[in-house]
Amino acid sequence: MEHTFEIPDEPVRPGLILKKLLREKGWTEKELALVIGKPVGYVRDISNGTQRVSAELSVDLGVALGAPWDYFAVLETRFRISNLAQSDRLGNIERVSRLFSWVPVAELVRRGWIRKAASTKALESRVLEFFGISDFEEEIPSIARPSNIAALTSYERGALTAWLRRLTWESERKSVVGQFEPHRLYESIPEIMGLMQTRIDFRDIAEKLSAYGIRAIALETLPKLYLEGATGKGPVLGVTLRKRKVGEFGCLLQHMLGHLILKHEGHIEMTPFCSREKEHDEAEAFATSHFSPTDNAVSMFLHATDDTPTKDEILNFSDEHGIHPGITIERILRRGVELSTRYQAKIGLKQAPPGKSTIAELNRTILRSGK
Ligand SMILES: [Zn+2]
């Protein structure tokens, strides 16, 4: 009867299978040694397990015994893996893997948000410390929480949690001049808009917001996390300065101030993730009806210019409304009216808010101005 060379369910030492096969074939170890051209001691070592089955040996045994060429290699690998399963080292790898799947640890270390650690245990405790928790099951204190967590990938979830945590951490260390009251912030809209006329510098706005009790912080986003900012308890207004166009940034700020005035709890601005929420729509409606240029004014302007305003018309309109032309352009674009990018560039819209590289410097400035 032909032998079927099955792989047993339970991992077993290849030497035991070899012995059985030799018995069936009526061969001694010495005979096998002659067949494969090795000393007999070598075959004995395979039988008692001191000689591991390499890929070459598996092929030699396969040819000699009529077994599949990988048969003994598979037996060997399965046997060795079953012996490793209990090892402490694997426990460590598993823990680090869990940690790295939870948050982008390497990036947080690179930024200095978490200090380097020599051991898994130390790294775990630094990650816990960063999140302000004592074990991984605990809820992480944060100024805002994503309302639709299922819409995020596990990377986005971890990166966002870390960004929010760092924002919370920075906000706790930042002092403000005034007390927060939504109605006072509402009354300050003209004053804040005064800072969005000729240029929009987040430092000026942060200083102004401090007078109204708001901790305004610029914090660089994490790689591949398309996050614009967040508002939340404190209150805190955090922006990533990811937007390159000044108009987009201005509209975002107006929108976030809308959230604060309307007393919405923590809100995360992450397109398209937050775009369909009711409160988000309310904040947007508030911004476009209370901040210049209002939606009504833009409607009338577009009507008067037949949806094709000239550069001078946009500049005059923005001047009349005391607002940066970039914001006017952004509001026009959001209505689906097309304006060529060359034309936008002429108005100087590439004058962007400070980008990534200056965020650390920007934060220091803001922290100083907050004291
Ligand atoms: Zn929003």
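Within every chain, residues take consecutive numbers counted from 1 along the sequence as written. Local features in this predicted model are restricted to residues whose pLDDT is 70 or higher, and side-chain atom pairs enter the listing and the counts only when it is 80 or higher, whereas totals over whole chains, interfaces and linings include all residues.

J.: Can you explain the sheet that holds strand 4 (residues 267–269)? Please cite residues and give values.
T.: Strands were regarded as paired on the criterion that DSSP finds at least two bridges between them. Only DSSP runs of H or I with at least four residues qualify as helices, and only runs of E with at least two residues qualify as strands; both kinds are numbered from the N terminus onward. Across the sheet, four strands lie side by side as 1-3-2-4; this open sheet has mixed pairing. Each edge of the sheet is formed by a strand with only one pairing partner; in this case those strands are strand 1 (215–218) and strand 4. For this sheet, the mean inter-axis angle between neighbouring strands, taken without regard to orientation, is 10°. Summarising the sheet, strand 2 (residues 229–232) and strand 4 pair through three bridges and their orientation is antiparallel. In the strand pairing of strand 4, Gly229 is matched with Glu269. Two residues qualify as being in contact provided that their C-beta atoms, derived from the backbone, are within 7 Å of each other. To define axes, lines are fitted to C-alpha atoms, for helices over the stretch in contact only, and angles between the resulting N-to-C directions are given on a 0 to 180 degree scale. Here helix 12 (residues 202–211) sits on the sheet in contact with strand 1 and strand 3 (236–239), set at roughly 160° to strand 1.

J.: Could you give an account of the pairing of strand 2, with specific residues and numbers?
T.: A regular strand carries its side chains on alternate faces of the sheet. Partly exposed residues are those falling between the two cut-offs: more than 12 but fewer than 20 other C-beta atoms within 10 Å of their own, whereas 20 or more means buried and 12 or fewer means exposed, with C-beta atoms placed from the backbone. Side chains of strand 2 alternate between two faces, with Gly229 and Thr231 and Ala230 and Gly232 buried alike. As paired elements, strand 2 and strand 3 share four bridges and run antiparallel to each other. What sits directly across from Ala230, in strand 3, is Gly238. In this antiparallel pair of consecutive strands, strand 2 and strand 3, the connection spans three residues, and Gly234 shows a positive phi of 140°.

J.: Describe the nonpolar core, naming the residues involved and giving the relevant values.
T.: As used here, a nonpolar core is made of buried Ala, Val, Leu, Ile, Met, Phe, Trp, Tyr and Cys residues. They are joined through C-beta atoms within 7 Å. With 49 residues, the main nonpolar core has Trp163, Leu164, Leu167, Leu209, Ile214, Ala216 and Leu237 as its most contacted residues. Every element with two or more residues in this core is listed here: helix 7 (105–110), helix 8 (120–131), helix 9 (154–172), helix 12, strand 1, strand 3 and helix 13 (246–261). Residue contributions to this core peak at nine residues, all from helix 13. Start and end positions for the domains come from either an automated domain assignment or a database one. Taken domain by domain, this core gets at least three of its residues from each of domain 2 (88–140) and domain 3 (172–370). When sequence neighbours within four positions are dropped, the list of residues in contact with Leu167 reads Ile143, Ile217, Leu219, Ala230, Val236 and Gly238. Leu21, Leu61, Leu65 and Ala73 belong to the second-largest nonpolar core, a separate cluster that totals 15 residues.

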